[in-house]
Amino acid sequence: MAYERKTIDTWELQLNYGFGWEYTLTEYTKKEARERLKEYRENQPQYPARLVKKRVRKEAIA
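Throughout what follows, the structure given in this document is the object of discussion. From a predicted model like this one, the values you see are computed outputs, not experimental measurements.

Conventions used here
Residues numbered from 1 in each chain as written. Predicted model: local features only at pLDDT ≥ 70, side-chain atom pairs only at ≥ 80, totals over all residues. Heavy atoms only, no water. Pairing = 2+ DSSP bridges. Helix = DSSP H or I, 4+ residues; strand = E, 2+ residues; numbered from the N terminus. Core = buried A, V, L, I, M, F, W, Y, C linked by side-chain atoms within 4.5 Å. Buried < 20%, exposed > 50% of the residue type's maximum accessible area, 1.4 Å probe, protein only. Contact = heavy atoms within 4.5 Å. Axes fitted to C-alpha atoms, helices over the stretch in contact; angles between N-to-C directions.

### Overview of the pairing of strand β2 (residues 21–27)
As defined by bridge partners, strand β1 (residues 7–16) adjoins β2 across six bridges and the pair is classed as antiparallel. Among the inter-strand pairings, Trp11 is bridged to a residue of β2, identified as Glu27. Hairpin geometry of β1 and β2 is characterised by an intervening segment of four residues between the two adjacent antiparallel strands and by a positive phi of about 110° at Gly18.

Here's what the structure looks like:
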């Protein structure tokens, strides 16, 4: 019997508008998350942005 993961990896894009880090969006692939990060940095360079890796239970998504 093969092991089945109970979680999936997601990447959160967070921005800091001067009041601390705020959740903006979630992507399910690292490639898409990096593309969104690049877009936010190009369009809003005055605000710091970062990606945070999270694990989410499969039951919470389905």
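### What to know about the nonpolar core
The nonpolar side chains of soluble globular proteins are, as a tendency, buried together. Judged by nonpolar contacts, Leu13, Leu15, Leu25, Leu37 and Ala49 together constitute the single largest core of five residues. Ignoring anything within four residues of it in the chain, the contact list for Leu25 reads Trp11, Glu12, Leu13, Arg36 and Tyr40.

### A word on the sheet that holds strand β3 (residues 49–57)
What holds strands together in a sheet is hydrogen bonding between their backbones, with the strands either parallel or antiparallel. The three strands are arranged β2-β1-β3 in an open sheet whose pairing can be described as antiparallel. Only two strands of the sheet have a single partner each, and these edge strands are β2 and β3. Direction aside, neighbouring strands of the sheet carry axes that sit 35° apart on average.

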